[in-house]
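# Inside the fold
The residues making up each chain are set out below.
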Amino acid sequence: MPAAVISAYDPAWPARAERLLTEVRAALASFPDSERFVYEHIGSTAVPGLGAKPIVDLQVRMPRLPPLAELAEALAPTPFVPAHGSRPDSPGVHRDAVRPGDQAEPDAYEKRLFHVPAGTAILHVRRADSPFARFVADFRDWLRAHPEETRRYEQVKRRLAVEHAGASDYDDYTRAKTAFFDEVGPRLRQWSLRRAAGS
């Protein structure tokens, strides 16, 4: 896994994400309650104009998480295989981090992680009630609605990519971005609550 390299926004990213989501949706169609699954393009590649690592992040939210082996078998026709992280402590492989202000049972943070070995896409499978699943979707939407914060976030990411340029993976880069999430978290939470109240 290479160190983080931030590329200029590529307008082809959303189309790539949609193609992959179509494959994943078809692969998971036989699962119970599959009509309730939510398929999303998340992460920086889902925010128009935002520079990012050229890796498309996708998310599936489902009422319950099947065993990893069961999901891997279902996803076999797609390019995705289970991801194990580059180190034993790689963040967000088996569990997501608890964000400030979250209130949920510990099991809600469990996840299944898949990737395309060529390094072009990552698939996060989370429970429908996962606070982190909601956070990443809200963060995407908040950036889309606040271009000035999108520009600032890109500056932070480019600075961190330079700081961690000598790393053999981007685990520390990923952890370092938490400071930005923590800073904007209260404003993001208030914005999300106002949006929900107005819908």
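Let me begin by describing the structure that accompanies this report. (Residues numbered from 1 in each chain as written. Predicted model: local features only at pLDDT ≥ 70, side-chain atom pairs only at ≥ 80, totals over all residues. Heavy atoms only, no water.)

### Digging into the nonpolar core
Judged by nonpolar contacts, the single largest core of 27 residues is most densely connected at Phe135, Phe139, Trp142, Leu143, Tyr153, Tyr173 and Phe180. Going through the elements one at a time, helix H3 (131–145), helix H4 (147–163) and helix H6 (178–198) are the ones with two or more residues in this core. A per-element tally of this core places H3 first, with 6 residues. If you look at the next biggest cluster of nonpolar residues, it comprises 25 residues, including Leu20, Leu28, Phe31 and Ala52. (Core = buried A, V, L, I, M, F, W, Y, C linked by side-chain atoms within 4.5 Å. Buried < 20%, exposed > 50% of the residue type's maximum accessible area, 1.4 Å probe, protein only. Helix = DSSP H or I, 4+ residues; strand = E, 2+ residues; numbered from the N terminus.)

### What to know about the pattern of salt bridges
Under the criterion given, the structure shown has 20 salt bridges. A salt bridge links Arg189 to Asp102, with the nearest nitrogen and oxygen atoms 3.7 Å apart. You can see Arg189 sitting in helix H6 and its partner Asp102 sitting in the loop between strand E3 (81–82) and strand E4 (111–115), a full 87 residues away along the chain. The buried category is assigned to Asp102, whose relative accessible area is 17%. Measuring nitrogen to oxygen at the nearest pair gives 3.2 Å for the salt bridge that ties Arg175 to Asp172. Of this pair, Arg175 and Asp172 both sit in helix H5 (residues 171–176), 3 residues apart, which is roughly one turn of that helix. Taking relative accessible area as the criterion, Asp172 reaches 30% and is therefore assigned partly exposed. It is possible to trace a salt-bridge network through shared partners that takes in Asp138, Arg140, Asp141, Arg144 and Arg195. (Salt bridge = Lys/Arg side-chain N within 4 Å of Asp/Glu carboxyl O.)

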